[in-house]
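# Residue-level structural notes
Single-letter residue listing:
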Amino acid sequence: MKILIVYDSRSGNTEKMAYAVMEGVKIAGVEVLLKNIDEASVDELMNVQGLIIGSPVYYGLPTAKIKAFIDDSVKYHGKLDGMVGGAFASAGGIHTGAETTITAINEMLFIHGMIIQGSSGGSHFGAASVGAPDDNVKETCRKLGERVAKLAKKINN
Ligand SMILES: Cc1cc2nc3c(=O)[nH]c(=O)nc-3n(C[C@H](O)[C@H](O)[C@H](O)COP(=O)(O)O)c2cc1C
């Protein structure tokens, strides 16, 4: 059982979130592979049971590199059906595109047939930060990783 976290980050904010998401996956006792987008390959998708994508908000959407990764993943279209997904984003402000970025990632993962669990306890769509994550956001990121990993365990047991 393994979860892949792929993130883009120019100034380090999304990267800090990615490390907290990774901690959450580990708390659930699941193996995790953390990849900066520049090192990530869609071929990893064949060896994992969950995919969590993190992006800075660029004009209200994920970065072009994240979109290119998803576009490359067409190579495995149909093979990711039923995999667990999740998303997180760092924005420059409040109400300036974090939710649209997260939902854009979720929408792309839906097209792969992935299963995305919302959250009733706040941060309904994923995990969002304004700039660098503070302790509260890091906790939200950990919870995201933990929930994705736990759901992947349930589905793949
Ligand atoms: C090209 C570009 C476009 C951006 N567009 C937005 C935006 O639409 N809304 C927003 O809140 N922040 C925007 N930002 C700010 C980044 O999302 C923000 O600084 C983020 O924390 C950067 O994450 P990083 O440190 O992981 O690179 C933009 C930044 C860049 C470079």
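The structure displayed is predicted, hence computed values, not measured ones. (Residues numbered from 1 in each chain as written. Predicted model: local features only at pLDDT ≥ 70, side-chain atom pairs only at ≥ 80, totals over all residues. Heavy atoms only, no water.)

This brings us to the environment of glycine 82. As for its placement among the helices and strands, glycine 82 is situated in the loop between helix 2 (64-72) and strand 4 (84-91). For glycine 82, a relative accessible area of 27% puts it in the partly exposed group. (Helix = DSSP H or I, 4+ residues; strand = E, 2+ residues; numbered from the N terminus. Buried < 20%, exposed > 50% of the residue type's maximum accessible area, 1.4 Å probe, protein only.)

Let's shift gears to the layout of surface pockets. Empty space within the largest pocket amounts to approximately 240 Å³. Together, 21 residues line the largest pocket, and Ser119, Ser123, Gly126, Leu144 and Arg147 are the ones closest to its centre. Broken down by element, the residue count for the lining of the largest pocket peaks at seven residues, all from helix 4 (residues 135-155). Of the pockets and cavities examined, the second largest pocket occupies roughly 200 Å³. Surrounding the second largest pocket, Ala91, Gly93, Ile94, His95, Thr96, Gly97, Ala98, Glu99, Thr100, Ala128, Ser129 and Val130 form its lining. Looking at the lining of the second largest pocket, the elements with two or more residues in it are helix 3 (98-111) and strand 6 (127-130). In terms of residue class, the lining of the second largest pocket is made up of five nonpolar, six polar and one charged. (1 Å grid on protein atoms, 1.4 Å probe; cavity = no way out; pocket = protein on both sides within 12 Å on 5 of 7 lines; lining within 4 Å. Points joined across faces, edges and corners; volume = space filled by probe spheres on them. Nonpolar A, V, L, I, M, F, W, Y, C, P; charged D, E, K, R; others polar.)

With that out of the way, let us pick up the site of the ligand. In the neighbourhood of the ligand, 17 residues make up the surrounding shell, with Ser9, Ser11, Thr14, Ser90 and Thr96 lying closest. The separation between an oxygen atom of the ligand and a polar main-chain atom of arginine 10 is 2.7 Å. Contacts to the ligand include asparagine 13, whose backbone N or O atom sits 2.8 Å from an oxygen atom. Protein chains bury 75% of the 640 Å² of accessible surface belonging to the ligand in isolation. Where the shell around the ligand is concerned, the elements lending two or more residues are helix 1 (13-27) and strand 4. Residues belonging to the shell around the ligand are distributed by class as follows: five nonpolar, eleven polar and one charged. (Near = heavy atom within 4 Å. Polar contact = N/O pair within 3.5 Å; in protein donor to acceptor, adjacent residues only side chain to side chain. Areas by Shrake-Rupley, 256 points an atom, 1.4 Å probe, with all protein chains shown as cover.)

Below, the discussion takes up the pattern of salt bridges. Where charged atoms from two side chains of opposite charge come close, those side chains can pair. Counted according to the given criterion, the structure contains ten salt bridges. Between aspartate 43 and lysine 75 there is a salt bridge, with its nearest N and O atoms 2.7 Å apart. You can see aspartate 43 sitting in the loop between strand 2 (31-36) and strand 3 (50-56) and its partner lysine 75 sitting in the loop between helix 2 and strand 4, a full 32 residues away along the chain. You can call lysine 75 exposed: its relative accessible area is 52%. A salt bridge links glutamate 139 to lysine 143; its shortest N-O distance comes to 3.5 Å. (Salt bridge = Lys/Arg side-chain N within 4 Å of Asp/Glu carboxyl O.)

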